[in-house]
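Descriptive structure summary
Residues per chain, in single letters:
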Amino acid sequence: MKPSPNLGPIGRAAAFAPSNIALTKYWGKRNSRINLPLSSSISVTLSELGSFTIVEPQADLRQDVMLVDDKPLDDAGLVKVRRVLDEIRAMSGSSLYAGLRSVNTVAAAQGMASSASAFAALATAASAAYGLRLDSAALSRLARTGSGSASRSIDGGYVLWQRGEKDDGSDSFATQRFAADHWPMRILIAHASGGRKSVSSTLGMAQSKTDSLLFRSWIERCDHDVVALENAIENKDFSTFADLVEGNALAMHGTMLAGQPALLYWRPVTLAVIAAVRELRKDGAECCFTIDAGASVVILCSPQDARPVSEVLSEIDGIEQVIQTRIGPGARLVEAPGGLPHA
Ligand code: PMV
């Protein structure tokens, strides 16, 4: 990439980025090095839950070093972080290595992926630390190279990640389609107890792509669902929204199940939550579920139904905690180091 003509000073910068929940899923890559997806996807950005990251380029460092929740980041994580930093260094013309520190307000152990917020916070803080002034499309592309779903955490509200066509990924980034207040919704995270996912999403996607009989029709379905869901959100049509969100998540898990070997993230509690949400909806509550690469279930519901739905879910055996949040704004720069909570 060309150096940016619009360079600011190099120095410490910090950012907060929220996590996001896909309403139609990204499950399948056309390029696994820079995370180009085979289908577009739509998500909502969460308020509060996410990652704070500080980046400080330093002349005396011989390599990039990073602490995550006060522990040194493992080698696999560092490879991805360096990929994002190398791209930023190429754009800024600086060869300085950086010291980084990140704190998650939602732990991976709570059943939620932290990679989306982590790489969106990294892209936002690091580009500012290296003096770049990038627009949200450029930040989304950068975040995407660390983790695909991170591309959707740069903007807030209802966000669309366009798959793009080009091999260099320049047209594969996410943008806001509707602000959070277009259709305020509550998000309940029903956290299933019993440890973290055993197969990473990267590995799971690769397995489904090569081994699942249903993979081709899964991708065709996503192309349809993205268009239909955008319409349902625009028209605030909850019944169509619920059918699409649930159907898309179930189709993704069906695609994994049809792989050889079959990939199953669910536990009995996952089905218990699905059954409870469907029962609640039959009784008139506006609520529907989605499930990522794990056993926990995320429920989207109207503000007035959030409390009764949450009470029912909390009673289910095997649900450790129900976290309630809303749709919020995207990644932003914060004061460094004052914006970083003590771990
Ligand atoms: O960006 P990754 O590698 O964490 O993959 C995310 C995969 C899902 O969460 C299952 C779906 C999605 O679109 O977020």
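First, a word on what this report is: a plain description of the structure on this page.

1. So, the pattern of salt bridges
Considering all chains together, one arrives at eleven salt bridges under this definition. Residues arginine 101 and aspartate 70 are paired through a salt bridge, measuring 3.6 Å at the closest nitrogen-oxygen approach. Note that arginine 101 is positioned in strand E7 (residues 97–104) and aspartate 70 in the loop between strand E5 (65–68) and strand E6 (71–72), a separation of 31 residues in sequence. Overall, the relative accessible area of 44% leaves aspartate 70 in the partly exposed class. Put simply, glutamate 246 and arginine 278 hold a salt bridge, and the shortest N to O gap is 3.1 Å. In this pair, glutamate 246 sits in helix H6 (residues 238–257) while arginine 278 sits in helix H7 (residues 268–282), placing the two residues 32 residues apart along the sequence.

2. Points about the site of the ligand
Near the ligand there are 13 residues, and of these Tyr26, Ser147, Ser149, Arg152 and Ser201 occur at the shortest range. Here an oxygen atom of the ligand sits 3.3 Å away from a polar atom, N or O, in the side chain of serine 115. Within the side chain of serine 147, one N or O atom sits 3.0 Å away from an oxygen atom of the ligand. Burial of the ligand by the surrounding chains reaches 92%, relative to a free accessible area of 380 Å². Both of domain 1 (13–182 + 329–334) and domain 2 (186–326) provide at least three residues apiece to the shell around the ligand.

3. Structural notes on the environment of arginine 216
As for its placement among the helices and strands, arginine 216 is situated in helix H5 (residues 215–234). According to the relative accessible area criterion, arginine 216 is exposed, its value standing at 68%. The sequence separation of arginine 216 and cysteine 287 amounts to 71 residues, and the corresponding C-alpha distance is 29 Å.

4. Overview of the pairing of strand E11 (residues 287–290)
In E11, alternate side chains face the same way, and those of Cys287 and Phe289 on one face and Cys288 and Thr290 on the other are all buried. In this structure, E11 lies alongside strand E12 (residues 297–301), joined through four bridges in antiparallel fashion. Counterpart to cysteine 287 in the pairing with E12 is cysteine 301. Between E11 and E12, which pair antiparallel in sequence order, lie six residues.

5. Focus on the packing of helix H2 (residues 115–129) against helix H3 (residues 136–146)
Put simply, H2 and H3 touch, their axes get as near as 8 Å, and they point 125° apart. Relative to H3, H2 is oriented oblique. Judged by the twist between their axes, the crossing of H2 over H3 is right-handed. Judged by residue contacts, Phe119, Ala120, Ala123, Thr124 and Ser127 of H2 engage Leu139, Leu142, Ala143 and Gly146 from H3. Residues of the contact of H2 with H3, tallied by class, amount to six nonpolar, three polar and no charged.

6. Here we look at the packing of H5 against H6
One can describe the packing of H5 onto H6 by two numbers: an axis separation of 10 Å at closest approach and a directional angle of 160°. It follows that H5 is roughly antiparallel to H6 by the angle criterion. Here H5 and H6 pass one another in a crossing that is left-handed. Seen from H5, the contacting residues are Phe215, Trp218, Arg221, Cys222, His224, Asp225, Ala228, Leu229, Ala232 and Ile233; seen from H6, they are Thr240, Phe241, Leu244, Val245, Gly247, Asn248, Ala251, Met252 and Thr255.

7. Quick look at empty space enclosed by the protein
One pass over the full model with this rule turns up one cavity of 30 Å³ or more. A volume near 40 Å³ is recorded for the largest cavity. Residue lining of the largest cavity: Gln207, Ser208, Asp211, Thr255, Met256, Gly259, Gln260, Pro261 and Leu263, and that is the complete set. If one sorts the elements of the lining of the largest cavity by residue count, helix H4 (residues 201–211) sits on top with three residues.

8. A word on unusual backbone geometry
Put simply, glutamine 260 and proline 261 share a cis peptide bond, and its omega is 10°. In this structure, glutamate 48 is a non-glycine residue whose phi angle is positive, near 70°. Tracing the chain through its elements places glutamate 48 in strand E4 (residues 41–58). Of the residues examined, glutamate 48 reaches a relative accessible area of 51% and is grouped as exposed. Even without being glycine, lysine 236 reaches a positive phi, approximately 50°.

Each value, and the rule that gives it
Here, residues in each chain are numbered from 1, in the same order as that chain's written sequence. With pLDDT at 70 or above as the cut-off, local features in this predicted model cover only qualifying residues; side-chain atom pairs require 80 or more to be listed or tallied, and sums for whole chains, interfaces and linings still use all residues. To obtain the side-chain values, all non-hydrogen atoms of the structure were included, while hydrogens and water were left out. Throughout this description, the term salt bridge denotes a Lys or Arg side-chain nitrogen within 4 Å of a carboxyl oxygen of Asp or Glu. Only DSSP runs of H or I covering at least 4 residues are called helices, and only runs of E covering at least 2 are called strands; the numbering of each starts at the N terminus. The buried label goes to any residue with under 20% of its type's maximum accessible area, the exposed label to any with over 50%, and the partly exposed label to all in between, with areas taken from a 1.4 Å probe on protein chains only. The near set for a molecule or strand comprises every residue that places at least one heavy atom within 4 Å of it. Pairs of N or O atoms are called polar contacts if they sit within 3.5 Å, as long as, within protein, a hydrogen donor faces a hydrogen acceptor (for residues adjacent in sequence, only side-chain-to-side-chain pairs). Values of accessible area rely on a 1.4 Å probe in the Shrake-Rupley scheme; residue burial ignores everything except the protein chains shown. Source of the domain bounds: an automatic or database domain assignment. We call two strands paired when DSSP finds no fewer than two bridges between them. In this analysis, axes come from line fits to C-alpha atoms, helices being fitted only over the stretch in contact, and the angle between any two N-to-C directions falls in the range 0 to 180 degrees. An angle below 35 degrees is treated as roughly parallel, one above 145 as roughly antiparallel, one from 65 to 115 as roughly perpendicular, and anything else as oblique. Handedness of a crossing follows from how the near helix is turned relative to the far one, being left-handed for an anticlockwise turn of less than a right angle and right-handed for a clockwise one. Contacts are residue-level and defined by heavy atoms, with any inter-residue pair within 4.5 Å sufficient. Amino acid classes used here: Ala, Val, Leu, Ile, Met, Phe, Trp, Tyr, Cys and Pro are nonpolar; Asp, Glu, Lys and Arg are charged; the rest, including Gly, are polar. Cavity means a closed set of points on a 1 Å grid over the protein atoms alone, one where a 1.4 Å probe fits but cannot get out, pocket means an open set with protein on both sides within 12 Å along at least 5 of 7 lines, and lining means a residue has an atom within 4 Å of a point. Grid points are joined across faces, edges and corners, and a volume is the space filled by probe spheres set on the points.

Nothing here speaks to function; it is geometry throughout.
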